Number of protein chains: 6
Amino acid sequence: MTDVIKPPLKNILITGAGGALGSVLRESLRPYAETLSLHGRQSLGEVRENEKHFICDLADRDAVFEMLKGVDMVIHMGGAPRENTFQVILDSNIVGSYNIYEGARQAGVKRVIYASSVHAIGFYECTQTIDSNVPQRPDSLYGVSKTFVENLSRYYFDKFGIESVCLRIGSCFPKPTDRRMLATWLSYDDFTRMCVRSLLTPSVGHMIVYGNSKNSANFWDNTAVGYLGYHPQDSADEYAAEVYANTPMPDPLDPAVKYQGGKFAADGHFEDPKTN
Amino acid sequence: MTDVIKPPLKNILITGAGGALGSVLRESLRPYAETLSLHGRQSLGEVRENEKHFICDLADRDAVFEMLKGVDMVIHMGGAPRENTFQVILDSNIVGSYNIYEGARQAGVKRVIYASSVHAIGFYECTQTIDSNVPQRPDSLYGVSKTFVENLSRYYFDKFGIESVCLRIGSCFPKPTDRRMLATWLSYDDFTRMCVRSLLTPSVGHMIVYGNSKNSANFWDNTAVGYLGYHPQDSADEYAAEVYANTPMPDPLDPAVKYQGGKFAADGHFEDPKTN
Amino acid sequence: MTDVIKPPLKNILITGAGGALGSVLRESLRPYAETLSLHGRQSLGEVRENEKHFICDLADRDAVFEMLKGVDMVIHMGGAPRENTFQVILDSNIVGSYNIYEGARQAGVKRVIYASSVHAIGFYECTQTIDSNVPQRPDSLYGVSKTFVENLSRYYFDKFGIESVCLRIGSCFPKPTDRRMLATWLSYDDFTRMCVRSLLTPSVGHMIVYGNSKNSANFWDNTAVGYLGYHPQDSADEYAAEVYANTPMPDPLDPAVKYQGGKFAADGHFEDPKTN
Amino acid sequence: MTDVIKPPLKNILITGAGGALGSVLRESLRPYAETLSLHGRQSLGEVRENEKHFICDLADRDAVFEMLKGVDMVIHMGGAPRENTFQVILDSNIVGSYNIYEGARQAGVKRVIYASSVHAIGFYECTQTIDSNVPQRPDSLYGVSKTFVENLSRYYFDKFGIESVCLRIGSCFPKPTDRRMLATWLSYDDFTRMCVRSLLTPSVGHMIVYGNSKNSANFWDNTAVGYLGYHPQDSADEYAAEVYANTPMPDPLDPAVKYQGGKFAADGHFEDPKTN
Amino acid sequence: MTDVIKPPLKNILITGAGGALGSVLRESLRPYAETLSLHGRQSLGEVRENEKHFICDLADRDAVFEMLKGVDMVIHMGGAPRENTFQVILDSNIVGSYNIYEGARQAGVKRVIYASSVHAIGFYECTQTIDSNVPQRPDSLYGVSKTFVENLSRYYFDKFGIESVCLRIGSCFPKPTDRRMLATWLSYDDFTRMCVRSLLTPSVGHMIVYGNSKNSANFWDNTAVGYLGYHPQDSADEYAAEVYANTPMPDPLDPAVKYQGGKFAADGHFEDPKTN
Amino acid sequence: MTDVIKPPLKNILITGAGGALGSVLRESLRPYAETLSLHGRQSLGEVRENEKHFICDLADRDAVFEMLKGVDMVIHMGGAPRENTFQVILDSNIVGSYNIYEGARQAGVKRVIYASSVHAIGFYECTQTIDSNVPQRPDSLYGVSKTFVENLSRYYFDKFGIESVCLRIGSCFPKPTDRRMLATWLSYDDFTRMCVRSLLTPSVGHMIVYGNSKNSANFWDNTAVGYLGYHPQDSADEYAAEVYANTPMPDPLDPAVKYQGGKFAADGHFEDPKTN
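The model shown is predicted, which means the values in this text are computed figures rather than measured ones. (Residues numbered from 1 in each chain as written. Chains lettered and ligands numbered in written order. Predicted model: local features only at pLDDT ≥ 70, side-chain atom pairs only at ≥ 80, totals over all residues. Heavy atoms only, no water.)

**Description of the overall build of chain A**
Within chain A, the regular secondary structure consists of 9 helices and 7 strands. For a compact globule of 276 residues, the expected C-alpha radius of gyration is about 19 Å, and chain A comes in at 18 Å, within 12% of that figure. Projected onto its principal axes, the C-alpha positions of chain A cover 50 × 50 × 40 Å. Relative to its 276 residues, chain A shows a buried fraction of 64%. (Helix = DSSP H or I, 4+ residues; strand = E, 2+ residues; numbered from the N terminus. Rg over C-alpha atoms; globule rule 2.2 N^0.38 Å. Buried < 20%, exposed > 50% of the residue type's maximum accessible area, 1.4 Å probe, protein only.)

And the structure:
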């Protein structure tokens, strides 16, 4: 199901297109839309054919509303990508995502694919196999903001019919580099596969699914992803020997080892310069 | 587990053997029984070696009782294959299936493989991953009759020890032709595999399982099928590009798109000529 | 919540109004409707003020359709009240109930309160505490017909928006007379309370609830009844000493003792005169 | 368990003490603390014996941090009490509650009793009996903010050990005034009982419980409240006849009738003056 | 349902009859059997009318087998009543209980009421509402032995049809004396009620139920007890004010406060003299 | 993930190393530890390089404590391998395993991999797909002892932090030899894979997982094994035709066919010579 299909969508907007994942999708989603709208906080480089660029802060409501006009579906990855001060999280992830959803409502956008995160449920222990319906247990302010958007999107679907797929992404990097990532790793190609399936599936309502590759190690019961038809092709297993060789035997009682969120669950409160 | 095994059964009866699926099984199940009893409402053509033919209406109790004599196991596919007037559903599916089960009890038949259907649970949404224990939610009078037989067979097992496997068949056709079938498609070969496993498994009690191929897209948690050892070999994925090319972008709020039963869930009440 | 409230409904139809429970409701529901339509297979005696009588067989579609005209809500108790031959169950309970639901659809009736039964789940063991979502396990052909109507009503709600409350009535008699009834007994007054709450509750969708009084012994998790606000006032406990004195120590391995359906689960197949 | 117990706590802070519920607790919790700290946005009137008053906006971090010093436990009711513009919800409920929790962490406060709301799960249907573990389904931006604080408090317990009881309050008013409130009503006295039990229970960890009185009608499975030992004494049933007399027969398909959140689930997006 | 019923049983054996609970049952169960067999490790005082006394160690197989002859049902409370060295637990609770069950099998005893304990699940947190089906989590070697007998009794029912009711007793004392017991307390009279219901209920199969009184505070979902018809009459609530007055504010992070097993969960390994 | 990784552990102890499985692990685990300590009741033959041998009875506490000194992790397979008299089960499996766990605690061993068994849950029917959280249902005294150790290990983790992986091994033999083993078979190589993953996984807490190969037929929902990253490579399917050819059509009502424990569930009580 990885054959490219002739452009079914007129205009897909990718927020946070300047980041690592954004660069991946900017390339891999080209065939799926007539126009690829790209959002970044800074210049995204050359404007390629069929691309439209929007440079703004997601907290800037008017700018966000403007770029949502004429869009069919959004892949929303913009915002702070890791723990930060509450003020940064608030502006980038909470206010920014509200602007996306409220703008989508006003502009008639049909569907949002949201880059949620393992950190929305990072305080479950690795030995607990969880599905998409367990209560959220964020491991950081960053994770709290992810649960905020999951719930906000549920609200926009229940009341306004705007569909969402929330992808709880594990560790989306070129390759796994520690033992926990042998379970949570999502390859770039598999990430693209998830996005494509989220765009093409006929009716998604409001879904929350986990995002990892076909790793032997895994702590998620991802049956909910079934309807999307996501079929991972890569596996962290190929890197297992390398990872074991390069990393020390961990302490099983260390929170960074015990909890699904890893280091996020172990870290203390983010130093907020404004309060000091 | 697809090797053919020497005939373990003396006499298998296939009802509805004149239909598309019946023709498939008439061929593929030959090696599994010494005698293949075939039932149809009309002539089934030439009587081949080791075959016995029975032409009757399933609502005809005496005829049904007659053909069950000496039978080990039944594959029960007979009856109206889609929505119809209540009278037709009543005669063909409700009375007809009662005759099969009551006749099986009187004749000492050990096991029935029943061709149930996705339409027994067709009013669940596609985004809901359901297992075999969810309450039934039929999408049509046809679907209601499927739930009737599922419950009737449960009764005949609980009280009389007659085993049943109810196969909730998705879309059993030569190939998937719309986007919903990318999830529900069951290839003819995989259908045969399900039937063979249902015949050979040592002890099945009363089971309800879902019937689809190894499609990436799927809305069923089919863990219950595990004990049967059913191992699908085909996949709708091979037809995905073709299906996407040939079908328009669907409206996610259309009941035919939103519900697992597809068009059955969207259709109105079947025009019953007798009431007009 | 037992105060009588001024007639909120114009016309309530009670089917099976000639039976024991029908006589109870004929009296107790008088204050809840301007017109009480009563159905029986035989004369219901004198036509009292505000009553309308309909004498017919429920399998007679035209007669059923006629009596549903102008009705707001139906309390559907008509049909065979216990195990019988398949033909009787088919005509009275299956065809008869289809006529009620299809007639309700055509006549614009809003809600049906259906007298389902413990026998829809009678093959669960008494030690299993079950809720309303467990798969049905009928203990008789009578019980199979109850599951048929529960599923039919689900279909009429899912597709046509006709609301139903299915009351799985335990043992509705003047008083409990054996040890099993210490758990399943539903007093006449509590039965009325369930019906009143089912009529008055603002929005019921499709519900299945259990019907028993406030007995200490109980094998149902009836949380689903919560929204109805049913508050039983009677208890089988008052009769416990009497029941223990009058009944022998039972054999715990007797199916009539072990299963929730009691004697129904233990009885063999009903002798069907037509087949002999 | 309603006897007043000698002051076990040195200093309880009540936020939002100027509202209706705040006035109730200001009186009823007097015996439970040596000092009652009261927060309001405007003057709270005369400072009574053992009271300390704090007048500030919860979005004012420094002021909030100041008033948390020396506090044992907080009853946090402050913030916008119903749907409002996103900006108001953001400042009052999201930023304000973050300040409470982060301030509690810095000040060493042990426990927060948070006034969450039915609107955190208002998009479940009334016929669905839900417990505390179902995924949140907010019915408004107000409800989204309630889920935010529930998740934030989970985070502060999982990482920092600050205990919370989130009370999902139904309808806390002098008496029920519509049919939905016959299920959701929480009397003022029962609200006090919940707060007292939440203060006194030895170890609460992080709990989410529902807050209503002993009403016959109910759509919550509140088993989780068991450990608190909350024992409601009042019931909406006493007002049922009055409510039925004063309110019209509702339309079961009206979202305000169908969903647990009532009118909040039916209302459109709050008019945000800044966008017009 | 507390009226005494004429002796329905010929011979009930109570093991551990010399302890506090044994003395209670020795008195309260007199009317329920023609003969009351009493077991103790030491003299049980005067042999009253209709009593038979057996003085032995439960690890003495021959003696145990002897006293089970002619017995209808056993109430098995004998063995070490709290944490002890492994050797004592092994002899008294593991070997002793095996002797009871194997002896019951050989003597044709129909049912055993087993005094299990909260300590079989004592490592669940107080805030977790658990039912009878959660995996066991013993808090001590004593608790491990309780799970052993629960599983042994399951085996004897599944294979040999010997019925058991395992009562997970909370704190059965004259009155609650600490805050945890406000949830776990079981009055002597309610304990008798549980035993009587366990003896009289027609068919119990293998059940595990929780044993506490009608306390407002509670951490068990005891729906499984429903079928027994156990109806507690006492409540720890009456002692709440006294308990609060006499006990200090506990530390919520102390294991003895946090876990259901209380002090057992907090205690270290029992000093085993043989290893020192 | 099957590449051998440089010795991550100093000293692994294998109990029961003289049995069939022990011989497998003695060979296959060589690369995973600097020292392989091997325990047997009789001579284990030549002491190979890096091996240490301990010949003793597991009921001999001092000997067991001695051999646990300096050990990192234990693979505990010692004890009676099938049904036996209670005395043998008691000494070998109950006392013996207590000695292992208590010795591990005193010696500071970090983790135990325990060879539990399908017989801990052997009384579930084959048609029931069960996960690791269902209540145990042992099929023999042997099975009861397996549940004892599962619960004992839970206790040692909850109280003392000693990690355990309990592997509920199906049928670990050179090849499947009857129809039930087509579901339960675990190849020697896959058994090694499970052990290696149990040794290497960073944090296992207390886990119970099922042990079988990649067989099409299966009655376990083994999602819990996910986190271990166990990836079976063998399948009983290869032997299916052979098994079918060599074994007769079974009777579905035979307990040895109906229950997951197979013959163990069907066998009567083990003849205990001491009682005769």
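**A few points about the relation of the copies chain A and chain D**
With an axial shift of 0.0 Å and an RMSD of 0.0 Å, the rotation relating chain A to chain D amounts to 180 degrees. The two molecules are tied by a two-fold rotation axis, judged by turn and shift. By residue overlap, the copies meet face to face through one surface: 100% of the interface positions of chain A are interface positions in chain D. (Least-squares fit on C-alpha atoms with pLDDT ≥ 70 in both. Contact = heavy atoms within 4.5 Å.)

**What to know about helix 3 (residues 86–107) of chain D**
Residue and element names in this part refer to chain D. The terminal C-alpha atoms of helix 3 lie 29 Å apart, and with 22 residues this matches the ideal 32 Å at 1.5 Å per residue to within 8%. The largest bend in helix 3 amounts to roughly 25 degrees and is located at G96. Among the 22 residues that make up helix 3, 16 are buried, leaving the element largely enclosed by the rest of the structure. Just downstream of helix 3, G108 is the residue with a positive phi angle, here 75 degrees. (Expected span 1.5 Å × (residues − 1). Bend = angle between axes of the 7 residues up to and from the residue.)

**Some thoughts on the pairing of strand 1 (residues 9–15) of chain E**
Residues and elements named next belong to chain E. Of all the 7 residues making up strand 1, 6 are buried; the element is thus mostly covered by neighbouring parts of the structure. Judged from the 5 bridges that link them, strand 1 and strand 2 (residues 33–40) form a sheet pairing that is parallel. Bridge assignment links L9 to a residue of strand 2, and that residue is A33. In terms of handedness, the path from strand 1 via helix 1 (residues 20–28) over to strand 2 forms a crossover that is right-handed. (Pairing = 2+ DSSP bridges. Right-handed = clockwise from strand over helix to strand, strands pointing away.)

**Description of the pairing of strand 4 (residues 73–76) of chain E**
Residue and element names in this part refer to chain E. Because side chains alternate across strand 4, one face comprises the buried residues M73 and I75, and the other comprises V74 and H76, equally buried. As paired strands, strand 1 and strand 4 are joined by 4 bridges and run parallel to one another. Residue pairing for strand 4: I14 is matched across the bridge by I75. Relative to strand 5 (residues 111–117), strand 4 runs parallel, the two being bridged by 4 bridges. Considered in strand 5, the bridge of V74 is made with V112. Handedness of the crossover joining strand 4 and strand 5 through helix 3 (residues 86–107) is recorded here as right-handed.

**A closer look at the relation of the copies chain C and chain B**
Between chain C and chain B, which share one sequence, the superposing operator has a rotation angle of 180 degrees and an axial displacement of 0.0 Å; the RMSD is 0.0 Å. Interface overlap between copies is the fraction of interface residues in one copy that are interface residues in the other; for chain C against chain B it reaches 100%, indicating a shared surface.

**Notes on the arrangement of the chains**
Left apart from each other, chain B and chain E have a closest C-alpha approach of 18 Å. Separated throughout, chain D and chain F approach each other most closely at a C-alpha pair spaced 18 Å apart.

**Description of the sheet that holds strand 6 (residues 163–169) of chain C**
All names here are of chain C. If you walk across this open sheet you meet the 7 strands as 3-2-1-4-5-6-7, and the pairing is parallel. What marks the edges here is a single partner per strand, and that holds for strand 3 (51–55) and strand 7 (206–211). Across this sheet, the average inter-strand angle for adjacent strands is 20 degrees, counted without regard to direction. Relative to strand 5 (residues 111–117), helix 4 (residues 141–160) is tilted by about 155 degrees, and along the sheet it contacts strand 5, strand 6 and strand 7. (Axes fitted to C-alpha atoms, helices over the stretch in contact; angles between N-to-C directions.)

**Points about the interface of chain A and chain D**
Each side of the interface is counted separately: chain A has 36 residues, and chain D has 36 residues. Note on chain A versus chain D: buried area summed over both sides is about 3,100 Å², and carbon and sulfur give 62% of it. Our enumeration of links across chain A and chain D arrives at 2 salt bridges. Here D158 of chain A ties to R137 of chain D by a salt bridge, and the two come within 2.8 Å at their closest N and O atoms. Here chain A and chain D share 16 residue pairs in polar contact (both at pLDDT 80 or more) between them. Of all the elements, helix 4 (residues 141–160) of chain A adds the most residues to the side of chain A that touches chain D, at 12 residues. Of the residues belonging to the side of chain A that touches chain D, the class tally is 17 nonpolar, 7 polar and 12 charged. (Buried area = accessible area lost by both parts, 1.4 Å probe. Salt bridge = Lys/Arg side-chain N within 4 Å of Asp/Glu carboxyl O. Polar contact = N/O pair within 3.5 Å; in protein donor to acceptor, adjacent residues only side chain to side chain. Nonpolar A, V, L, I, M, F, W, Y, C, P; charged D, E, K, R; others polar.)

**Regarding the UniProt feature "domain: NAD-dependent epimerase/dehydratase" (unreviewed entry) in chain A**
Residues annotated in UniProt with the feature "domain: NAD-dependent epimerase/dehydratase" (unreviewed entry) correspond here to residues 12–174 of chain A. In the segment residues 12–174 of chain A, helix accounts for 36% and strand for 21%; the C-alpha atoms at its two ends are 25 Å apart. (UniProt positions renumbered as here; feature names shortened; annotations may be inferred.)

**A word on the sheet that holds strand 5 (residues 111–117) of chain D**
All names here are of chain D. Spatial strand order, 3-2-1-4-5-6-7: 7 strands in an open sheet with parallel pairing. Of all strands in the sheet, those with a lone pairing partner are strand 3 (51–55) and strand 7 (206–211), marking the two edges. Taken over all neighbouring pairs, the strand axes of this sheet differ in orientation by 20 degrees on average, direction set aside. Here 5 bridges tie strand 2 (residues 33–40) to strand 3, and the two strands are oriented parallel to one another. Bridge pairing links G40 to I55 in strand 3.

**A look at the packing of helix 2 (residues 61–68) of chain B against helix 3 (residues 86–107) of chain B**
Residue and element names in this part refer to chain B. Put simply, helix 2 and helix 3 touch, their axes get as near as 9 Å, and they point 45 degrees apart. It follows that helix 2 is oblique to helix 3 by the angle criterion. Crossing hand, helix 2 versus helix 3: right-handed. Mapping the contact onto sequence places R61, V64, F65, M67 and L68 in helix 2 and Y98, N99, I100, E102, G103, A104, Q106 and A107 in helix 3. Residues belonging to the contact of helix 2 with helix 3 are distributed by class as follows: 8 nonpolar, 3 polar and 2 charged. (Parallel < 35°, antiparallel > 145°, perpendicular 65-115°, else oblique. Left-handed = near helix turned anticlockwise from the far one by under 90°.)

**Quick look at the nonpolar core**
Judged by nonpolar contacts, the single largest core of 74 residues is most densely connected at F148 of chain A together with F148 of chain D. Secondary structure elements with two or more residues in this core: helix 2 (61–68), helix 3 (86–107), strand 5 (111–117) and helix 4 of chain A together with helix 2 (61–68), helix 3, strand 5 and helix 4 (141–160) of chain D. Leave out the neighbours within four places in its chain, and F148 of chain A touches I94 of chain A together with F86, I94, V144 and F148 of chain D. Formed by 73 residues, the second largest nonpolar core is a distinct cluster that contains L58, V64 and I94 of chain E together with Y142 of chain F. (Core = buried A, V, L, I, M, F, W, Y, C linked by side-chain atoms within 4.5 Å.)

**Some details on helix 2 (residues 61–68) of chain C**
All names here are of chain C. What helix 2 keeps buried is the set R61, V64, F65, M67 and L68. Buried residues in helix 2, looked at end-on, bunch into an arc of 165 degrees, giving them a common side. On its buried side, helix 2 packs onto strand 1 (9–15), strand 2 (33–40), strand 3, strand 4 (73–76) and helix 3 (86–107). One or two residues past the end of helix 2 sits G70, with phi positive at roughly 80 degrees. (Arc of directions from axis to C-beta.)

**Remarks on the interface of chain C and chain B**
Each partner contributes residues to the interface: chain C has 36 residues there, and chain B has 36 residues. Counting each side, the surface lost to burial between chain C and chain B is near 3,100 Å², with a carbon and sulfur contribution of 62%. The interface formed by chain C and chain B holds 2 salt bridges in total. Only helix 3, helix 4 and helix 9 (263–266) of chain C provide two or more residues apiece to the side of chain C that touches chain B.

**Quick word on the packing of helix 3 of chain E against helix 3 (residues 86–107) of chain F**
Their axes nearest at 13 Å, the elements helix 3 of chain E and helix 3 of chain F cross at an angle of 145 degrees. Every pair of crossing elements has a handedness; the one defined by helix 3 of chain E and helix 3 of chain F is right-handed. Contacts between helix 3 of chain E and helix 3 of chain F involve F86, L90, I94, V95 and Y98 of chain E on the former and, on the latter, F86, L90, I94, V95 and Y98 of chain F. Residues of the contact of helix 3 of chain E with helix 3 of chain F, tallied by class, amount to 10 nonpolar, no polar and no charged.

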